[in-house]
Amino acid sequence: MKMENHVSLEFPSRSANEGFARTAAACFAAQLDPTLEEINDVKTAVSEAVTNAIVHAYPDTLGKIVLKLRLRDDHSLEIVVRDWGVGIADVEQARTPLFTTGNEERSGMGFTIMESFMDSLKVRSAPGKGTTVTMRRKIARRMGR
Ligand SMILES: Nc1ncnc2c1ncn2[C@@H]1O[C@H](COP(=O)(O)OP(=O)(O)OP(=O)(O)O)[C@@H](O)[C@H]1O
Ligand SMILES: [Mg+2]
């Protein structure tokens, strides 16, 4: 049987929803029988992407965030986090380690963390239109399943 499966979650940019999104991604990924390390990597990446949408995309308002999770036939997980907020003028600069437009609470390491925990990271953004972050992570097929 084909692996393909997907879910889509829509929520407002309230900080309480970061934990929900992170845990939902872990629950969805569970069907791939991941190791604890793989699950933690996925949770970390989702947390960074959703936190960015909450903190940066809608600085003064509440806006819509969509999290899409997809299981692919190659035993990988695709994670898409989309917002319709302020967008990013220079994506390359935003992805540079330590670059931040945030306050002293931010370290500018979110994209770097996503990149290191996932196999691939794509960021599409347009000022005033919003941002789409697409990440993929292979989950190893383990013996005995
Ligand atoms: N969804 C988004 N909408 C608008 N701007 C964004 C979005 N995601 C990231 N950015 C911009 O990219 C910059 C870098 O993001 P990154 O996650 O790497 O660091 P940070 O969020 O500033 O700090 P940290 O994640 O370490 O707390 C942000 O400071 C912000 O300017
Ligand atoms: Mg961040």
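Residues numbered from 1 in each chain as written. Chains lettered and ligands numbered in written order. Predicted model: local features only at pLDDT ≥ 70, side-chain atom pairs only at ≥ 80, totals over all residues. Heavy atoms only, no water.

J.: What is the right way to read the sheet that holds strand 2 (residues 64-71) from this model?
T.: One open sheet accounts for five strands, arranged 1-2-3-5-4; its pairing is antiparallel. Sheet topology places strand 1 (5-12) and strand 4 (120-126) at the edges, where each strand pairs with a single neighbour. Strand-to-strand twist across the sheet, computed as the mean angle between neighbouring axes with direction ignored, equals 10°. Taken together, the eight bridges between strand 1 and strand 2 define a ladder with antiparallel strand orientation. Across the sheet, the residue bridging to Glu10 is Val66, located in strand 2. Sitting on the sheet, helix 1 (residues 16-29) touches strand 1, strand 2 and strand 3 (76-83), and the angle it makes with strand 1 is about 175°. (Pairing = 2+ DSSP bridges. Helix = DSSP H or I, 4+ residues; strand = E, 2+ residues; numbered from the N terminus. Axes fitted to C-alpha atoms, helices over the stretch in contact; angles between N-to-C directions. Contact = heavy atoms within 4.5 Å.)

J.: Even after reading the chapter, I still don't get helix 4 (residues 110-117), so can you show me in this structure?
T.: Each α-helix turn comprises 3.6 residues. Residues three or four places apart therefore point the same way. Within helix 4 the residues assigned to the buried category are Gly110, Phe111 and Met114. Burial along helix 4 is one-sided: seen end-on, the buried residues are contained in an arc of 95°. Elements in contact with the buried residues of helix 4: helix 2 (36-57), helix 3 (91-95), strand 4 and strand 5 (130-138). (Buried < 20%, exposed > 50% of the residue type's maximum accessible area, 1.4 Å probe, protein only. Arc of directions from axis to C-beta.)

J.: Is there a simple way to explain the packing of aromatic side chains in this structure?
T.: The description of two aromatic rings rests on the distance between their centres and on the angle between their planes. For the structure on display, the rule yields zero aromatic pairs. The ring of Trp84 is capped by Lys64, whose NZ or CZ atom sits 4.6 Å from the centre of that ring. (Phe/Tyr/Trp six-rings, centres within 6.5 Å; stacked < 30°, edge-to-face > 60°. Lys NZ or Arg CZ within 6 Å of the ring centre and 35° of its normal.)

J.: Explanation requested: the site of ligand 1 in the structure shown.
T.: In the vicinity of ligand 1, 21 residues are found, and the nearest of them are His56, Thr100, Thr101, Arg106 and Ser107. Take Glu48: an N or O atom from its side chain is 3.4 Å from an oxygen atom of ligand 1. Separating an oxygen atom of ligand 1 from a side-chain N or O atom of Ser107 is a distance of 2.8 Å. Here ligand 1 loses 94% of its free accessible area of 600 Å² to cover by the protein chains. Broken down by secondary-structure element, the contributors of at least two residues to the shell around ligand 1 are helix 2 and helix 4. Top contributing element to the shell around ligand 1 by residue count: helix 2, with five residues. Looking at the shell around ligand 1, its residues break down into eight nonpolar, 10 polar and three charged. (Near = heavy atom within 4 Å. Polar contact = N/O pair within 3.5 Å; in protein donor to acceptor, adjacent residues only side chain to side chain. Areas by Shrake-Rupley, 256 points an atom, 1.4 Å probe, with all protein chains shown as cover. Nonpolar A, V, L, I, M, F, W, Y, C, P; charged D, E, K, R; others polar.)

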